[in-house]
Amino acid sequence: MLQLALALFLLPAPKVDSIVIAPGATLQKLGGGFEFTEGPANDAEGNVYFTDQPNNRIMKWNIDGKVEEWMKPCGRANGMAFDKKGNLIACADEKNELWSISPDKKVTVLIKDNKGKLMNGPNDVWIRPDGGMYITDPLYVRFYWKRSSEMQQSGQHVYFLSPDRKVLTQVTNDLKTPNGIIGTPEGRFLYVADLGLNTTFRYRIQKDGTLTDKRFFCSLGSDGMTLDEKGNVYLSGNGVTVYDRTGNKIEHIDVPEGWVGHVAFGGKDHHLLFITATKGIYGMQMQVRGAY
């Protein structure tokens, strides 16, 4: 009996099927040869736009699998999101601005400063249902800046741009390095990842754009974030780590390059998890749809 017990103890634990990854799915490389990929954003058809920031260009992955250059130069775009009118909202890091890029590639500068002082460098953006925007503004000194590397703002904060795009308001004051950001589709909650604290927080969104009820979500920061239809939160960094809505870790996806800059859902049915990982882009078929 003792020998049988030892044998059972030494047997490998049975593999538990993922509750988010599609059965049998494996990581697929969708493209390569980039310098540093970032900021994926899917359009209404499921095509995904992403940035190759050091090369100052926005790329487009089509639902048929083709990858093409969409816009160059692009203001050193970083995090991006589509608004309801089909404009691509881009954190344009070259001059620390926020851009709106129309389908015909006309650029409108939405934010060029805050009270006459340069932003640190808008990094990621989420658009709530009424069109108001939340923007993270960490300070990462860039080699291509023609400005001083000194911080002109009071710190590294999250800002809210009103739906009419006329008023910019600072809505956090106690974060170290806010980076990834995503909100729930109905506009109730906002997740903000602080890379400096290696922590992600959840806030309750108020109608005027302010944030209340700050709560710890998980002990992991994130370069970029997304949500699926079940409310699971996908954090990027050393691979992709997935947490359920209560903050419990439920999945991890490794990529060959190690570091993942950002994630988004795309594809015809929005079941493709699109992963930007430094020099490559990857896809993983999921059994859940993206929230966006």
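Because the structure is predicted, anything quoted here is derived from the model rather than measured.

Engineer: Residues and numbers for the nonpolar core, please.
Structural biologist: Membership of the largest hydrophobic core comes to 23 residues, with the highest contact counts inside it found for Tyr 134 and Leu 190. Broken down by secondary-structure element, the contributors of at least two residues to this core are strand S11 (157–161), strand S13 (178–183), strand S14 (189–194), strand S15 (199–205), strand S16 (211–218), strand S17 (225–227) and strand S18 (233–237). Ranked by the residues each element gives to this core, the list is headed by S14, at four residues. Excluding anything up to four places from it in sequence, Leu 190 contacts Trp 126, Tyr 134, Ile 181, Ile 182, Gly 183, Phe 201, Arg 202, Tyr 203, Ile 205 and Leu 211.

Engineer: Give a detailed account of the packing of aromatic side chains, specifying residues and quantitative values.
Structural biologist: In the structure shown here, the tally under the stated rule is eleven aromatic pairs. Measuring from centroid to centroid gives 5.0 Å for Tyr 191 and Phe 217, while their planes differ by 70°, and the two rings are edge-to-face. Of this pair, Tyr 191 sits in strand S14 while Phe 217 sits in strand S16; the two residues are 26 residues apart in sequence, bridging distant segments of the chain. Phe 217 matches Tyr 191 in its accessibility class, with the two residues each being buried. Ring geometry for Phe 217 versus Tyr 243: centroids 6.1 Å apart, planes at 65°, classification edge-to-face.

Engineer: Could you give me a rundown of the pattern of salt bridges, with the residues and numbers involved?
Structural biologist: With the rule as written, the count across this model stands at eleven salt bridges. As a salt-bridge pair, Asp 52 and Arg 57 come within 3.0 Å of each other at their nearest N and O atoms. A relative accessible area of 0% places Asp 52 in the buried class. Here Lys 214 and Asp 174 are joined by a salt bridge, their closest N and O atoms 3.0 Å apart. Placement of the pair is Lys 214 in strand S16 and Asp 174 in the loop between strand S12 (168–170) and S13, with a sequence separation of 40 residues. Using a relative accessible area of 44% as the deciding quantity, one classes Asp 174 as partly exposed.

Parameters and conventions
- Residues numbered from 1 in each chain as written.
- Predicted model: local features only at pLDDT ≥ 70, side-chain atom pairs only at ≥ 80, totals over all residues.
- Heavy atoms only, no water.
- Core = buried A, V, L, I, M, F, W, Y, C linked by side-chain atoms within 4.5 Å.
- Buried < 20%, exposed > 50% of the residue type's maximum accessible area, 1.4 Å probe, protein only.
- Helix = DSSP H or I, 4+ residues; strand = E, 2+ residues; numbered from the N terminus.
- Contact = heavy atoms within 4.5 Å.
- Phe/Tyr/Trp six-rings, centres within 6.5 Å; stacked < 30°, edge-to-face > 60°.
- Salt bridge = Lys/Arg side-chain N within 4 Å of Asp/Glu carboxyl O.

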